[in-house]
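Structural description and commentary
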Amino acid sequence: MKSCPLLLIALASLSACGLRPVYGGGGQGAVAQALGNVTVEPIEGKGGWLVRNALNDRLSAMTGGSGPRYKLVVKLDDDISGFGLRSDAAITRERRTLRARYQLVDEATGAQLLDDTAGSDAGIDVTSSEYATIAAEDTALERLSQTVADQIVTRLALYSRKAANP
C-alpha cells in the first residue's frame, strides 16, 4: 500500500512530460484515420510482394476514414553481397540488404507529402548445401520485408500525427 501513492504520482507526472501517444483516440484518432486511407501501389519483385503484403496487413488494421485518400509508392533495392572468404576463396557469409524509397502522395492533388527511405540488412551463413543457403536467403528476405514495412508504417504514423497536430 505504501507504493500506491508513489505510483499515482509517477503516473500523474507522465502527462506533464510532453509525451503523447501516436495512436491517441484509438481507431477514431487522426493517425488511425489517415493510415486507414493509404493504398499501397504494387511493388516489383518477390521482395516487393512481401513488403506490399506486410504493409497492407498493418494498414488494413486501421479503420478507413472519410478524409483525404493517399497512395504509397515504394521502390525496393534488394542486394546480396558475399564476404567472409575461406583460404580456397569460397564465400562463407553473405549480407542481404533491403532498402526502400517510399513516397506518400495525395491522390486528389497529386502532391508528394512524404519522401523517405527505410532499410535493414541481415547476415546469412553460406553452407555446403545450396538448398540451405537459398532457404536462408529467402528467410532473410521475409524478415527484412517485415522490418522495412514496420519502419514505413511508423514513419507514416509520425507524419500523420504531425500533420493532424501542427
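Further up the page is the structure itself.
Residues numbered from 1 in each chain as written. Predicted model: local features only at pLDDT ≥ 70, side-chain atom pairs only at ≥ 80, totals over all residues. Heavy atoms only, no water.

**Observations regarding the overall build of the protein chain**
Looking only at helices and strands, the protein chain has four helices and four strands in total. Going residue by residue from the N terminus, the α and β elements of the protein chain occur as α-α-β-α-β-β-β-α. Taken over 166 residues, the protein chain has a buried fraction of 31%. Long-range contacts, defined as pairs at least 24 residues apart, comprise 64% of the intrachain contacts of the protein chain with a sequence gap of at least 6. Summed over all atoms, the accessible surface of the protein chain reaches about 10100 Å², with 55% contributed by carbon and sulfur. (Helix = DSSP H or I, 4+ residues; strand = E, 2+ residues; numbered from the N terminus. Buried < 20%, exposed > 50% of the residue type's maximum accessible area, 1.4 Å probe, protein only. Contact = heavy atoms within 4.5 Å. Areas by Shrake-Rupley, 256 points an atom, 1.4 Å probe, with all protein chains shown as cover.)

**Brief notes about helix H3 (residues 45–60)**
In this model, H3 (16 residues) spans 22 Å end to end at C-alpha, consistent with the 22 Å of a helix rising 1.5 Å per residue. Three or more residues of H3 are buried, namely Gly47, Gly48, Leu50, Val51, Ala54, Leu55, Arg58 and Leu59. Axial view of H3: buried residues confined to an arc of 165°, hence all on one face. Exposed and facing more than 90 degrees away from the buried side of H3 are Trp49, Asp57 and Ser60. (Expected span 1.5 Å × (residues − 1). Arc of directions from axis to C-beta.)

**Regarding the sheet that holds strand S3 (residues 91–106)**
Taken in spatial order, the four strands make up an open sheet running S1-S2-S3-S4, and their pairing is mixed. Looking at which strands have only one partner, the edges of the open sheet turn out to be strand S1 (38–40) and strand S4 (112–125). Taking the axes of each pair of neighbouring strands and ignoring which way they run, one obtains an average angle of 25° across the sheet. With 15 bridges connecting them, strand S2 (residues 70–85) and S3 associate as antiparallel partners. The residue of S3 that forms the bridge with Ile80 is Arg96. Taken strand by strand, helix H4 (residues 130–164) contacts S2, S3 and S4, and its axis lies near 150° from that of S4. (Pairing = 2+ DSSP bridges. Axes fitted to C-alpha atoms, helices over the stretch in contact; angles between N-to-C directions.)

**Some details on the packing of H3 against H4**
It is the contact of H3 with H4, at a shortest axis distance of 8 Å, that shows an interaxial angle of 45°. Classed by the angle they form, the pair H3 and H4 counts as oblique. Classified by chirality, the crossing of H4 by H3 is right-handed. Contacts from Lys46, Gly47, Leu50, Val51, Ala54, Leu55, Arg58 and Leu59 in H3 reach Asp138, Leu141, Glu142, Ser145, Gln146, Ala149, Asp150, Ile152 and Val153 in H4. Along the lines of polarity and charge, the residues of the contact of H3 with H4 split into nine nonpolar, three polar and five charged. (Parallel < 35°, antiparallel > 145°, perpendicular 65-115°, else oblique. Left-handed = near helix turned anticlockwise from the far one by under 90°. Nonpolar A, V, L, I, M, F, W, Y, C, P; charged D, E, K, R; others polar.)

**Observations regarding the nonpolar core**
Considering soluble globular proteins, one finds that nonpolar side chains tend to be buried as a cluster. Membership of the largest hydrophobic core comes to 33 residues, with the highest contact counts inside it found for Leu35, Leu55, Leu72, Val74, Tyr102, Ile152 and Leu156. Counting residues per element, the ones that place at least two in this core are helix H2 (30–35), S1, H3, S2, S3, S4 and H4. Ranked by residue count, the leading element in this core is H4, at nine residues. (Core = buried A, V, L, I, M, F, W, Y, C linked by side-chain atoms within 4.5 Å.)

**Looking at the pattern of salt bridges**
Enumeration over the complete set of coordinates arrives at seven salt bridges. Asp150 is the salt-bridge partner of Arg58, the closest N and O atoms lying 2.4 Å from each other. Note that Arg58 is positioned in helix H3 and Asp150 in helix H4, a separation of 92 residues in sequence. Asp116 is the salt-bridge partner of Arg155, the closest N and O atoms lying 2.9 Å from each other. Note that Arg155 is positioned in helix H4 and Asp116 in strand S4, a separation of 39 residues in sequence. Judged by its relative accessible area of 23%, Asp116 is partly exposed. (Salt bridge = Lys/Arg side-chain N within 4 Å of Asp/Glu carboxyl O.)

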